[in-house]
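# Close look at the chain arrangement
Each chain, letter by letter, is given below.
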Amino acid sequence: MTTDIKTDVPDVLKSILARKEEEVAKLKAEVEAAGPDHPIAKRLAGENEVSGVFYSALKRPNNTLTVIAEIKRKSPSKGHIAYIKDPALLSRTYWEAGASCISVLTDYEGFGGTLDDLREVVSEQNSYKDEYPPPCPVLRKDFTIDEIQIAEAAVAGASAVLLIVSALGEKRTKELLDACNRIGIEALVEVHDEDEVKIAIDSGAKIIGVNNRNLRTFEVSLETARRLRPLIPDDVVSVAESGISGNLDAWELRDMGYNSILVGESLCRAYELSMETTTMYQRGYNQAKGLILAFKAKGSVQFGPTTSAAFYGKGEGAKETLGEMSI
């Protein structure tokens, strides 16, 4: 049995989606063989309430930018990014820095991630239930083509899954959003152009992610975010994805009206660099933490620094968060 997914997709997605078809078939066979007591089977059979914790974590007052910090070892376009031996430890760094949510890649072949990574991150975040800030809700970032993957994510503890309109098309996007509501999990619906924004809105998406990467050319431009932001209603959480490497990118997106940014590569590279400068005598400054602080700062694109000070969470852009100003 094959999953009814969109056929006119960018070349970069075709082989990935074919692989996902095989993974879904294997998972369905496993769940069917286990019978109705399998946790995924139970989740699929029931009606579950959506908590809304992912939406609430991202939707803050106007001109306040939240951060979805991603755990990402590699990608088809960039190759190796970071080793990340302990995803739970990295998630703690993100939480301490004030990230609102955490995204975990669970596609192994293309991105080096696994569902076990997600389980470890969820377990780590749940250990902060009695602390402030509260635990970060976790996004399962994968190529979702079937509701059984949604149920699998929910059972693993994810608060949200990724739905890519380019991969699914109009009909399947709506079907899987409805499945999310039934299974009791939120969805970040990813779009790349005007037509896909309309599909996401018409399908009932409450969180829309604008990917600045062209899946056909691999080119990245924040102009995509600028062009599409006016099309997203104010009650829908708007997330900008890809092409965010520094605080000025983040502030520019905030000034466009985005509620949140999803950042992976720059944070993971910064974290790995921090680990390289740590010795048995002295722990290196955690640059990933500094980046998140700078992203969230109430800085000015016009007057914000372009020096490395911003990278470390210092300078005009971080003065509100850190209480200091470098001159």
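Notes on the structure in this doc start here. In this text, all values refer to a predicted model and were calculated from it rather than measured experimentally. (Residues numbered from 1 in each chain as written. Predicted model: local features only at pLDDT ≥ 70, side-chain atom pairs only at ≥ 80, totals over all residues. Heavy atoms only, no water.)

### Re the pairing of strand β5 (residues 138-141)
Side chains Val138 and Arg140 of β5 all project onto a buried face; the interleaved residues Leu139 and Lys141 project onto the opposite face, where all are buried too. The pairing of strand β4 (residues 101-105) with β5 spans 4 bridges and is parallel. Its bridge partner being in β5, Ser103 is matched across the sheet by Leu139. In this fold, β5 hands off to helix α7 (residues 147-156), which returns the chain to strand β6 (residues 160-164); that crossover is right-handed. (Buried < 20%, exposed > 50% of the residue type's maximum accessible area, 1.4 Å probe, protein only. Helix = DSSP H or I, 4+ residues; strand = E, 2+ residues; numbered from the N terminus. Pairing = 2+ DSSP bridges. Right-handed = clockwise from strand over helix to strand, strands pointing away.)

### Some points on the pattern of salt bridges
Here the idea is simple: oppositely charged side chains can pair when their charged atoms come close. Enumeration over the complete set of coordinates arrives at 27 salt bridges. We note a salt bridge from Glu223 to Arg226, for which the minimum N-O separation is 3.3 Å. You can see Glu223 and its partner Arg226 sitting in helix α10 (residues 223-228), 3 residues apart, about one turn around the helix. For Arg226, a relative accessible area of 37% translates into the label partly exposed. (Salt bridge = Lys/Arg side-chain N within 4 Å of Asp/Glu carboxyl O.)

### Here we look at the side chain of Lys20
Looking at the element boundaries, Lys20 is found in helix α1 (residues 11-34). Those residues within four positions of Lys20 in sequence are excluded, and the remaining contacts are Asp107, Asp142, Phe143, Ile145 and Gln149. (Contact = heavy atoms within 4.5 Å.)

### Let's talk about the nonpolar core
Counting 99 residues, the largest nonpolar core has Tyr94, Leu253, Ile261 and Phe295 as the members making the most contacts within it. It is helix α8 (residues 165-183) that contributes the most residues to this core, 8 residues altogether. Setting aside residues no more than four positions away along its own chain, Phe295 makes contact with Leu65, Val67, Ile244, Gly246, Asn247, Ala250, Trp251, Ile261, Val263, Ser266 and Leu267. (Core = buried A, V, L, I, M, F, W, Y, C linked by side-chain atoms within 4.5 Å.)

### What about the side chain of Arg213?
With respect to the helices and strands, the residue Arg213 is situated in the loop between β8 (207-211) and α10. No salt bridge forms around the buried Arg213; measuring N to O, its nearest opposite-charge neighbour Glu265 is 5.0 Å away. (Lys, Arg positive; Asp, Glu negative; His and termini not counted.)

### Here's the deal with the pairing of β6
For β6, a buried count of 5 out of 5 residues is recorded, marking the element as mostly surrounded by other parts of the structure. The two faces of β6 match: Ala160, Leu162 and Ile164 on one face and Val161 and Leu163 on the other face are all buried. Where β5 lies against β6, 2 bridges are found, and the strand directions are parallel. Paired with Arg140 across the two strands is Val161, which belongs to β6. In the classification by handedness, the crossover that spans β6, the intervening α8 and the parallel strand β7 (residues 186-191) is right-handed.

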